[in-house]
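Chain and residue survey
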Amino acid sequence: MNPIIRIAVQKSGRLSEDSLSLIKECGIKFYNGTGKLKSTSTNFPIEFLFLRDDDIPGYVADGVADLGIVGENELVEKDKDVNVLKKLGFSKCRLSLAIPKGEEYTNIHHFQGKNIATSYPKILSDFLENQNVHAEIHEISGSVEIAPSIGLAEGICDIVSSGSTLMMNGLKEVETIFKSEAVLICNKKLDAEKLEIVDKLLFRMNAVQKGKSNKYVLLNAPNDALDKIISLIPGMRSPTILPLAQEGWSSVHSVIAEDQFWENIEELRSAGAEGILVVPIEKMVI
Ligand code: PRT
Ligand code: ZN
C-alpha cells in the first residue's frame, strides 16, 4: 500500500514497545526488524520512521514526519510548534526536583542560588522563573542523579517513575514540576488527504483506548432487582437482558468503565446480582 502519512516513533527505549503495540492493536501491520530505520505498513497507508525520541518533535514540526509519538516532557522541552492530538496513557512519569536525602527541605526557595543539574533546562527554568527562584542550571545529557555525589550540583531535576533511581543514589524527591505521558503529535500544516488518514488512525486509537478502559459485565439477577441493576450499569445504550432457564431470573450484559465497576460492585451485590463476570473488551466503537 502506498504510504500517505509518516509517523515517527522511538527506535528503542521506554516509549517504543507501547507505541508499536498501540499501532498493532489498531490493526496496522508492518515489519520492524532490528536496526530498521523505516518501514511501510502492508495494510494502511502509513510509513514509520524509527528515531531517537529527542528528534521526534523537531521532525514533526518540520514536516519530515506528519505524526509522532513522544513524551510530553520531551515535547515541551524541545518547544516545537506542533498539535497534540491525543494523550496516549502510557510512559507516565514526572519531572521532579531532588536533593540529598539527609538535607532538610522546606520549600522551593531552598534552591535559591543553588546549582541544579538537569536534562530539561527549559522546563526547569520556566518553573523556577514562575516561582521567583534564581538558581544555576547545569545541563547534562545523562546520569543526572550522580551530579550531587560528584559535587556538580546541590540538586537535580530529572524524570522519576518508581523513585528507585533517586533512592539508590541517596536522593529524595522534593517537588514535582511537570507530569508527563506519551502523546500523539501532528504537523500543523497537513493537507486534506493526510488529515483524512489521520482521522482514520485516531478513530482506531480511540476504539482501542475505550476498549481498554471499559469492561464487559455479565451477571445474574432476580427479575425484581433489574431496575436497580440497570441504573447501576446502564451500558452504552441500555443493557441486554436475557431470561435464565430458572424462572424469575435474568442474565444482564452491559459495559462499564473499569473504575466505575469497582465503585458499584457492592451496590450490585446488595441489589441481588450474583455470578458476576467481568470480561476485557478489545475494541469499542460508540
Ligand atoms: O535513545 P532515546 O533518546 O530515544 O531515548 P532516551 O534514553 O532519551 O529516553 P527513554 O527511552 O529512557 O525514555 C523515553 C520517555 O519515556 C521519556 O522521555 C519519558 O517521557 C518516558 N519515561 C517514563 C521515562 C521514565 N518513565 C523513566 N523512568 N524516561 C526516563 N526514565 C528514567 C529517568 O531518567 C531515571 O533515570 O528512569 C529513571 C527513573 O526511574 P525510576 O523508576 O527509578 O524512578
Ligand atoms: Zn532521548
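Fair warning: this is a prediction, and the values are worked out from it, not measured in the lab. (Residues numbered from 1 in each chain as written. Chains lettered and ligands numbered in written order. Predicted model: local features only at pLDDT ≥ 70, side-chain atom pairs only at ≥ 80, totals over all residues. Heavy atoms only, no water.)

1. Observations concerning the site of ligand 1
In the region of ligand 1, 19 residues are neighbours, and Arg 14, Asn 73, Ser 162, Gly 163 and Thr 165 sit closest. Within the contact set of ligand 1, an oxygen atom lies 2.7 Å away from a backbone nitrogen or oxygen of Arg 14. In this structure, an oxygen atom belonging to ligand 1 sits 2.7 Å away from a side-chain N or O atom of Ser 162. Burial of ligand 1 by the protein amounts to 79% of the accessible area it has alone, namely 840 Å². Elements represented by at least two residues in the shell around ligand 1 include exactly strand S9 (155-160) and helix H5 (164-168). The element that contributes the greatest number of residues to the shell around ligand 1 is S9, accounting for 3 residues. (Near = heavy atom within 4 Å. Polar contact = N/O pair within 3.5 Å; in protein donor to acceptor, adjacent residues only side chain to side chain. Areas by Shrake-Rupley, 256 points an atom, 1.4 Å probe, with all protein chains shown as cover. Helix = DSSP H or I, 4+ residues; strand = E, 2+ residues; numbered from the N terminus.)

2. Here's the deal with the pattern of salt bridges
For the coordinates displayed, the defined rule picks out 13 salt bridges. For the salt bridge of Lys 212 with Glu 25, the shortest nitrogen-to-oxygen distance reads 3.0 Å. Of this pair, Lys 212 sits in helix H6 (residues 192-213) while Glu 25 is found in helix H1 (residues 16-25), placing the two residues 187 residues apart along the sequence. You can call Glu 25 partly exposed: its relative accessible area is 29%. The closest approach of N and O atoms between Arg 94 and Glu 173, which form a salt bridge, is 2.7 Å. On the criterion of sequence distance, the pair formed by Arg 94 in strand S6 (residues 93-100) and Glu 173 in strand S10 (residues 171-180) is long-range, its members being 79 residues apart. Since its relative accessible area comes to 29%, Glu 173 is described here as partly exposed. A single network of salt bridges, built from pairs that share partners, joins Arg 6, Lys 38 and Glu 47. (Salt bridge = Lys/Arg side-chain N within 4 Å of Asp/Glu carboxyl O. Buried < 20%, exposed > 50% of the residue type's maximum accessible area, 1.4 Å probe, protein only.)

3. Observations concerning the sheet that holds S9
Taken in spatial order, the 5 strands of this open sheet run S8-S7-S9-S6-S10, and their pairing is mixed. Every other strand in the sheet has two partners, leaving strand S8 (136-139) and S10 as the edge strands with one partner each. Within this sheet the neighbouring strands show an average axis-to-axis angle of 25 degrees, counted without direction. Taken together, the 4 bridges between strand S7 (residues 115-118) and S8 define a ladder with parallel strand orientation. Within the sheet, the bridge partner assigned to Ile 116 lies in S8 and is Ile 137. Relative to S8, helix H4 (residues 121-130) is tilted by about 170 degrees, and along the sheet it contacts S6, S7, S8, S9 and S10. (Pairing = 2+ DSSP bridges. Axes fitted to C-alpha atoms, helices over the stretch in contact; angles between N-to-C directions. Contact = heavy atoms within 4.5 Å.)

4. As for H6
For H6, spanning 22 residues, the distance from its first C-alpha to its last is 31 Å, which sits close to the expected 32 Å at 1.5 Å a residue. When H6 is considered as a whole, its buried residues turn out to be Ile 197, Val 198, Leu 201, Leu 202, Met 205, Ala 207, Val 208 and Gly 211. (Expected span 1.5 Å × (residues − 1).)

5. Details of the coordination of the zinc ion (ligand 2)
Protein coordination of the zinc ion (ligand 2) is provided by Asp 53 (OD) and Asp 54 (OD), with donor distances spanning 1.9 to 2.0 Å. Considering all 4 donor atoms around the zinc ion (ligand 2), the spread of angles at the metal, 77 to 171 degrees, places the coordination shape in the irregular class. Assessed through its relative accessible area of 18%, Asp 53 is described here as buried. (Donors = N, O, S within 2.8 Å, 3.2 Å for Na, K, Ca; no water. Tetrahedral: all angles 85-135°; square planar, octahedral: opposite > 155°, others 65-115°.)

6. A look at the packing of aromatic side chains
Counted by the stated rule, this structure contains 4 aromatic pairs. Seen in terms of ring centroids, Phe 30 and Phe 48 are 4.3 Å apart; in terms of plane orientation they differ by 35 degrees. Their pairing is tilted. Note that Phe 30 is positioned in the loop between H1 and strand S2 (38-40) and Phe 48 in strand S3 (residues 46-51), a separation of 18 residues in sequence. The same class applies to Phe 30 as to Phe 48, namely buried. With centroids separated by 5.3 Å and ring planes inclined at 75 degrees, the aromatic side chains of Phe 261 and Trp 262 adopt a geometry described as edge-to-face. Given the relative accessible area of 5%, Phe 261 is considered buried. (Phe/Tyr/Trp six-rings, centres within 6.5 Å; stacked < 30°, edge-to-face > 60°.)

7. Focus on H4
Looking only at H4, the buried set comprises Pro 121, Ile 123, Leu 124, Phe 127 and Leu 128. Buried residues in H4, looked at end-on, bunch into an arc of 165 degrees, giving them a common side. What points out from H4, more than 90 degrees from its buried face, is the exposed set Glu 129 and Asn 130. In this fold, the buried residues of H4 make contact with helix H3 (72-78), S6, S7, S8, S9 and S10. One or two residues past the end of H4 sits Asn 132, with phi positive at roughly 60 degrees. (Arc of directions from axis to C-beta.)

Remember, this is a structural readout, not a statement about activity or role.
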